[in-house]
Amino acid sequence: MADFIPHTPLETKEMLETIGVSSLEDLLAPYPKEHVLPDLSDIPSGLTESSLMRLMKSMAARNRAGGSVPIFRGAGAYDHFIPEAVSPLVTRGEFLTAYTPYQPEVSQGLLQVIFEYQTAMANLFGMDISNASVYDGATALAEACLVAHRQEGRTAILISEGVDPDIARVVKTYVEGVGCTLKLIPLVSGKTRIEDVMSQMDAQTACFVGAIPTFWGTVEDFSGFADALHQNGSLLILHANPHSLAVLRPPGSWGADLATGEGQPLGIPLSGGGPYLGILTAARAFMRKIPGRLVGKTVDREGRAAYVLTLQAREQHIRREKANSNICSNETLLSIQALVTLSLLGPAGFREAAEGSMKNARKLRARLLSVPGVSPVWEDTPFFHEFVLEMPMESKKLSRLILSEGFLSGLPLSGYSSPGGENRMLWCATEMRTEEEIENLGRALEKVLVRHGGNKS
Amino acid sequence: MTIRENSEERSARPDMHPTLWEISRSGARGVRPPVVSGSPAFGIPDVSMRETPPGLPELSELEAVRHFTNLSHLSRGVDTHFIPLGSCTMKYNPKVSDKVASLPGFSDLHPRTDPEGMEGLLEAMGTLSDLLRSLLGMDGVTLAPAAGAHGELTGILIARKYFEARGETSRKVILVPDSAHGTNPASASMGGMVVRSIASKPSGHIDTVALEKVLSDETAMVMITAPSTLGLFEEELSEVVRLVHKVGALVYMDGANMNAFLGVLKPGDLGFDIVHINTHKTLATPHGGGGPGSGPVGVKSHLVPFLPTPVIQKTDRGYSFANPDDPRSIGPVRSFLGSTGVLLRALSYVLLLGREGLPKVALYALLNANYLKKRLEGVLPGEGPGLCAHEFVLSAKPLSAYGVHAGDLAKGLLDAGYYAPTIHFPLIVPEALMIEPTECESKSMLDEFADDFSRIVERASSHPSELLAAPARTPVSRPDEVLAARDPVLKDTTVSGGQFRKN
Ligand SMILES: Cc1ncc(COP(=O)(O)O)c(C=O)c1O
């Protein structure tokens, strides 16, 4: 029912006359006649705003989302606190409905905000520089691996099993095209052993990729990794959850050459999977080798501080097939969202939120372990806000049963290779969970196990 | 809108806003996160803990709100200005679509929820796939790609897998017209293919004779932008498609310009095997100052098995995920289902317009482009008198005699209260200005723009120095791009956050 076309019938007539045609359909003359104005009978009639809202609300209501089910699942997407001021700021039309800031004189606000985002990410990851964003965490890591590959054309990418297996699959999709292969480095008690990396390293090793924390929640010690890799002419890439970097040692401090992350935990709603935010940071030596937009500070003709898109000679619109990447549109609005969130929380609030996640995760673990039949997979391996437990039932079934009790359980790990497994779940608690929710989840689990008789241990 | 010829304007320009770090006050607090009790003993060895806090700004909530609000005033969006950026389709982004994406149930849905807990989202995404399949005239659609270029890479990888499956591994060449967007050749090399450029005829159309010469059994695919970046419909498209298929290669449509076809022409009917569209152009999802976008890809039946995972399928019990382990798939191209927050907006737009409204989009996009083209006829040289599609390209070449270039005209337009057209693209037109008004602008806006544009071109010859000094009414004058690239300053060093122990 809507079409967002402002023309009055009289205006349309005048315009057609100016052009020198007699009807709108005449404008289709350059198109092949046999195909124009096709049958659209399988497209429904247009809706009014109110009927659209009614329809979409009824669809939304069929999802079991955070507003109605407490979320104890993470695995790459997290239910974090988002200050109320974030949405009104990022939905301002000047940000929301702008295009890429090609004309700097009328895009200074956008450019400065991106510059500030680059600063916040560089500081958070402990790296020299950050780009303006890529699509998501998985493609950020894939792009970083391609940077490593392009260094000298080496084709082997060593990747720790600590990296989300689903992200590793995206990396595989990306790097296979240019002839690279992934080699998995196993996790032993939740940790990647440097000797396993070194034994796999050879003249074809472009890089090693590790995770902070691992997909399975564990926190690693990457001491010595950078030196060992650099001696072999290989790069260290660390993929980090930015929320964890409020408290965990950042990639730059481990000597990473490139560091990536999924920015969703920084104030971006879960939204069923996107749009999210690909964070890509690097040591300065890679400034001209990384993909994506970069905003730099300069001066205008009167010497006033000004911001511009810079180092564009890396990009597709200049270099075409020789560009560092094909990326054009990125995730600018989400980068603004992350920056606004961090600015509202400040370093203290950001740290409190991360510590809140860690405290709740420990409470959750203790409560779940008090349920008969639930056992730990690792005893003392340090973890951030996620952990794997052995459950007394097939995990997908258990997940469904807990969902019908009104909770989103840990991620079922059946189908995942070790440390995943048939009966294992990856649990998560963020600062958003309450003691009451944790206790109620514990009771729901007990109830489900009693009623459906989990295999006793 | 008039150009104020007031040289005092410039000196009246205030200094730029301080950065977050410049206004940061040690100890200031903004919003508090939830309070969680419990012991801060986390059992993580010191070696893996952060030593110094990250360099983040410390502000009150009001200071942060003011900072971002004031910065927003220094940018231009569709909500505030006419943005005639060619090939970017800067149409109105309906507010109701934003509202839909933010509904509880969608915005707070965890992407790894069990399928039975995301029936509503699956139905929304399944419905959108069906609608796009119909509008594109294709047999299968993936909603995964995060932008147009990501859709192109997906298409390249699909073509690659398709030929691998057929044992035709020597097909490695992707042909790209010289008028194509830079993402086309860049996507092809990212997918490990070899790129060859094909020269256009002086008219801007594909030269079928030249094309036939380079087609061979090594050709994997030809990427065609339709309508082209010159706003032209390929006059010999059916012949191009026939020639490419004759050698066993595929034809790809870069559908960034799909606004010209929406509801009036289906790419599938034209013979394309693969097509991507940009929802942030054609389907009115906001571009957010550089993204998020979304680039759904449609394919014909022979390519459906190669689509990226996850795949949504329709069963008699509604929409669900198909088996994720089909070895023929190219695999996932990003995390999760897709940029669902963007796709929900695209779905809302298609549902609002429906079968009556969708063809009007293309018809009025053509009307506005042809009207503006006519109004600017004779002001600068263009492609000639024929009809254009959704956009048209002018050349500022004649102004070179006065030392004025396309970029200078763009700056004049900024002063006149517009965003600028796309400049220096397509590369085959010297001093190109690519103008796309979209269906959403009114006749009065187009008339005003045409008047201002004509006057600026006139002054380019009568008072060139004025244009070379433009813009005078913007927050800053022209930034020094050479300086920016020489010794790049890519972050604010007011507060250093990067100092940690090195191991
Ligand atoms: C013709 C054409 N192709 C491809 C693209 C790339 O799209 P995206 O920016 O969504 O990656 C664009 C965007 O400007 C375009 O105009």
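Residues numbered from 1 in each chain as written. Chains lettered and ligands numbered in written order. Predicted model: local features only at pLDDT ≥ 70, side-chain atom pairs only at ≥ 80, totals over all residues. Heavy atoms only, no water.

**Details of the overall build of chain B**
Then, in step 1: Helix and strand counts for chain B come out as 14 helices and twelve strands.
Then, in step 2: Taking 2.2 N^0.38 as the reference for a compact globule, 503 residues should give roughly 23 Å; the C-alpha atoms of chain B span a radius of gyration of 25 Å, in line with that estimate.
Then, in step 3: Judged by the C-alpha coordinates and their principal axes, chain B covers about 70 × 70 × 50 Å.
Then, in step 4: Across the 503 residues of chain B, 64% fall into the buried class.
Then, in step 5: Across chain B, contacts joining residues at least 24 apart in sequence account for 73% of those joining residues at least 6 apart.
Then, in step 6: Per element, the accessible surface of chain B, about 16,800 Å² overall, is 52% carbon and sulfur.
Then, in step 7: Each charge class in chain B was averaged separately, 48 positive and 57 negative side chains, and the resulting centres sit 2 Å apart. (Helix = DSSP H or I, 4+ residues; strand = E, 2+ residues; numbered from the N terminus. Rg over C-alpha atoms; globule rule 2.2 N^0.38 Å. Buried < 20%, exposed > 50% of the residue type's maximum accessible area, 1.4 Å probe, protein only. Contact = heavy atoms within 4.5 Å. Areas by Shrake-Rupley, 256 points an atom, 1.4 Å probe, with all protein chains shown as cover. Lys, Arg positive; Asp, Glu negative; His and termini not counted. Charge placed at Lys NZ, Arg CZ, Asp CG, Glu CD.)

**Brief notes about the overall build of chain A**
Then, in step 1: Per the secondary structure count, chain A includes 13 helices and 15 strands.
Then, in step 2: Along the longest, intermediate and shortest principal axes, the C-alpha atoms of chain A span 85 × 55 × 50 Å.
Then, in step 3: Counting the 457 residues in chain A, one finds 67% classified as buried.
Then, in step 4: Counting only contacts in chain A whose residues sit at least 6 apart along the sequence, the fraction spanning at least 24 positions is 71%.
Then, in step 5: As displayed, chain A has an accessible area near 14,100 Å², and 52% of this comes from carbon and sulfur atoms.
Then, in step 6: Averaging the coordinates of the 42 positive side-chain charges in chain A and doing the same for the 51 negative ones gives two points 4 Å apart.

**Describing the packing of aromatic side chains**
Then, in step 1: Taken as a whole and judged by the stated rule, the model has 22 aromatic pairs over all chains.
Then, in step 2: When the ring of A:Y31 is compared with that of B:F261, the centres are 5.2 Å apart and the planes differ by 90°; the resulting orientation is edge-to-face. Highlighted residues: A:Y31 in the loop between α1 (9-19) and α2 (49-60) and B:F261 in the loop between β5 (250-255) and β6 (274-277), drawn from two different chains. Summarising the burial analysis for this pair, A:Y31 and B:F261 share the class buried. (Phe/Tyr/Trp six-rings, centres within 6.5 Å; stacked < 30°, edge-to-face > 60°.)

**A word on the interface of chain B and chain A**
Then, in step 1: The interface is formed by 209 residues belonging to chain B together with 201 residues belonging to chain A.
Then, in step 2: Carbon and sulfur atoms make up 62% of the surface buried where chain B meets chain A, a total of about 17,100 Å² over both sides.
Then, in step 3: The tally of links from chain B across to chain A stands at twelve salt bridges.
Then, in step 4: In this structure, A:R62 and B:E123 form a salt bridge, with 2.4 Å as the shortest nitrogen-oxygen distance.
Then, in step 5: Among the elements that line the side of chain B that touches chain A, the one with the most residues is helix α10 (residues 340-375) of chain B, at 25 residues. (Buried area = accessible area lost by both parts, 1.4 Å probe. Salt bridge = Lys/Arg side-chain N within 4 Å of Asp/Glu carboxyl O.)

**Quick notes on the site of the ligand**
Then, in step 1: In the vicinity of the ligand, 15 residues are found, and the nearest of them are A:S329, B:G148, B:D254, B:H280 and B:K281.
Then, in step 2: Looking at the residues close to the ligand, they fall on chains A and B.
Then, in step 3: Side-chain polar atom of A:S329 to an oxygen atom of the ligand: 2.6 Å apart, as the coordinates give it.
Then, in step 4: B:G148 has a polar backbone atom sitting 2.7 Å from an oxygen atom of the ligand. (Near = heavy atom within 4 Å. Polar contact = N/O pair within 3.5 Å; in protein donor to acceptor, adjacent residues only side chain to side chain.)

**Thoughts on the pattern of salt bridges**
Then, in step 1: Evaluated as defined, the whole model comprises 53 salt bridges over all chains.
Then, in step 2: Of the charged contacts in the structure, one is a salt bridge between B:E168 and B:R171, with a shortest N-O distance of 2.6 Å.
Then, in step 3: Residue classification places B:R171 among the buried residues on the basis of a relative accessible area of 7%.
Then, in step 4: A cluster of three or more residues bridged by salt bridges with shared partners is formed by A:E14, B:R375, B:K443, B:D447 and B:D451.

**Considering the side chain of A:S414**
All names here are of chain A.
Then, in step 1: Relative to the helices and strands, S414 is located in the loop between β14 (411-412) and β15 (424-428).
Then, in step 2: One polar contact links S414 to E394, side chain to side chain, over a distance of 3.0 Å.
Then, in step 3: Residues within four places of S414 in sequence aside, it is in contact with E394, S395, K396, G421, E422 and R424.

**Looking at the environment of B:A180**
Then, in step 1: Along the chain, B:A180 turns up in the loop between β2 (173-177) and α7 (183-190).
Then, in step 2: Classification of B:A180 as buried rests on a relative accessible area of 1%.
Then, in step 3: Taking the C-alpha atoms as reference, B:A180 lies 26 Å from B:N93; in sequence the two are 87 residues apart.
Then, in step 4: Ignoring sequence-local partners within four residues, the contact set of B:A180 consists of A:R320, B:T225 and B:F425.

**Details of the environment of A:D221**
Then, in step 1: Looking at the element boundaries, A:D221 is found in the loop between β6 (205-212) and α9 (225-231).
Then, in step 2: Residue A:D221 is classed as partly exposed on the basis of its relative accessible area of 36%.
Then, in step 3: Taking the C-alpha atoms as reference points, A:D221 and A:E422, separated by 201 residues in sequence, lie 28 Å from one another.
Then, in step 4: Beyond its immediate chain neighbours, meaning those up to four positions away, A:D221 contacts A:W254, B:V47 and B:S48.
Then, in step 5: Side-chain polar atoms of A:D221 contact the side chain of A:S223, separated by 2.5 Å.

**Considerations on the packing of helix α11 (residues 406-415) of chain B against helix α12 (residues 443-462) of chain B**
Residue and element names in this part refer to chain B.
Then, in step 1: Here α11 crosses α12 at 130°, and the two axes come no closer than 10 Å. The angle between the axes of α11 and α12 places the two elements in the oblique class. Like other packed secondary-structure pairs, α11 and α12 cross with a definite hand, here right-handed. Every residue of α12 that contacts α11 at L409, G412 and L413 is listed here: F449, F453, I456, V457 and A460.
Then, in step 2: Of the residues in the contact of α11 with α12, the class split is seven nonpolar, one polar and no charged. (Axes fitted to C-alpha atoms, helices over the stretch in contact; angles between N-to-C directions. Parallel < 35°, antiparallel > 145°, perpendicular 65-115°, else oblique. Left-handed = near helix turned anticlockwise from the far one by under 90°. Nonpolar A, V, L, I, M, F, W, Y, C, P; charged D, E, K, R; others polar.)

**Notes on the sheet that holds strand β2 (residues 156-160) of chain A**
Residue and element names in this part refer to chain A.
Then, in step 1: Spatial strand order, β1-β9-β8-β7-β6-β2-β3: seven strands in an open sheet with mixed pairing. Both outer strands of the open sheet, β1 (129-130) and β3 (181-185), are each paired with one neighbouring strand and no more.
Then, in step 2: Against the sheet, helix α5 (residues 108-125) contacts β1, β7 (235-240), β8 (258-262) and β9 (278-282), and its axis sits at roughly 70° relative to β9. (Pairing = 2+ DSSP bridges.)

**Some thoughts on the domain arrangement of chain A**
All names here are of chain A.
Then, in step 1: Per the domain assignment, the segments making up chain A are domain 1 (86-340) and domain 2 (346-451).
Then, in step 2: Computed from C-alpha coordinates alone, the two centres of domain 1 and domain 2 are separated by 29 Å.
Then, in step 3: At the junction of the two partners, domain 1 supplies 21 residues and domain 2 supplies 25 residues.
Then, in step 4: Contact between domain 1 and domain 2 buries roughly 1,700 Å² in total, counting both sides, with carbon and sulfur atoms accounting for 73%.
Then, in step 5: Counting the surface domain 1 buries against domain 2, the share from its top three residues, W216, H243 and V247, is 38%.
Then, in step 6: For the interface between domain 1 and domain 2, the tally reads six residue pairs in polar contact (both at pLDDT 80 or more).
Then, in step 7: For the side of domain 1 that touches domain 2, the per-class residue count stands at eleven nonpolar, seven polar and three charged. (Domains from an automatic or database assignment.)

**Brief notes about the nonpolar core**
Then, in step 1: Among the nonpolar cores identified, the biggest contains 113 residues, and A:Y31, A:M56, B:F261, B:L380, B:L409 and B:F453 are the most heavily contacted of them.
Then, in step 2: For this core, the element with the most residues is α10(B), which contributes 19 residues.
Then, in step 3: The residue makeup of this core includes at least three contributed by each of domain 1 (97-352) and domain 2 (359-486) of chain B.
Then, in step 4: If we skip the residues at most four places from it in the chain, B:L409 touches B:L380, B:A396, B:L399, B:L433, B:I456, B:V457, B:A460 and B:L467.
Then, in step 5: Membership of the second largest hydrophobic core comes to 84 residues, among which are A:A77, A:L333, B:L20 and B:A64. (Core = buried A, V, L, I, M, F, W, Y, C linked by side-chain atoms within 4.5 Å.)

**Points about the sheet that holds strand β12 (residues 432-435) of chain B**
Each strand in a sheet pairs with its neighbour through backbone hydrogen bonds, running either in the same direction (parallel) or in the opposite one (antiparallel).
Residues and elements named next belong to chain B.
Then, in step 1: Taking strand neighbours across the sheet as the criterion, the three strands line up as β10-β12-β11 in an open arrangement whose pairing is antiparallel. For this open sheet the edge positions go to β10 (392-395) and β11 (422-423), each flanked by a neighbour on one side alone.
Then, in step 2: Both β11 and β12 contribute to a ladder of two bridges, which runs antiparallel. The residue bridging T422 from the neighbouring strand is M434, located in β12.

**Quick look at the pairing of β2(A)**
Residues and elements named next belong to chain A.
Then, in step 1: Along β2, five of the five residues are buried, which leaves the element largely enclosed by surrounding structure.
Then, in step 2: Summarising the sheet, β2 and β3 pair through five bridges and their orientation is parallel. Bridge assignment links A156 to a residue of β3, and that residue is T181.
Then, in step 3: With helix α7 (residues 165-176) bridging β2 and the parallel β3, this β-α-β connection has right-handed handedness. (Right-handed = clockwise from strand over helix to strand, strands pointing away.)

**Considering the domain arrangement of chain B**
Residues and elements named next belong to chain B.
Then, in step 1: Annotation of chain B at the domain level lists domain 1 (97-352) and domain 2 (359-486).
Then, in step 2: Summarising the inter-unit geometry, the C-alpha centres of domain 1 and domain 2 are found 30 Å apart.
Then, in step 3: With 20 residues of domain 1 in contact, the opposing surface of domain 2 contributes 19 residues.
Then, in step 4: Counting every contact that joins domain 1 to domain 2 gives zero salt bridges.
Then, in step 5: Classifying every residue of the side of domain 1 that touches domain 2 gives nine nonpolar, ten polar and one charged.

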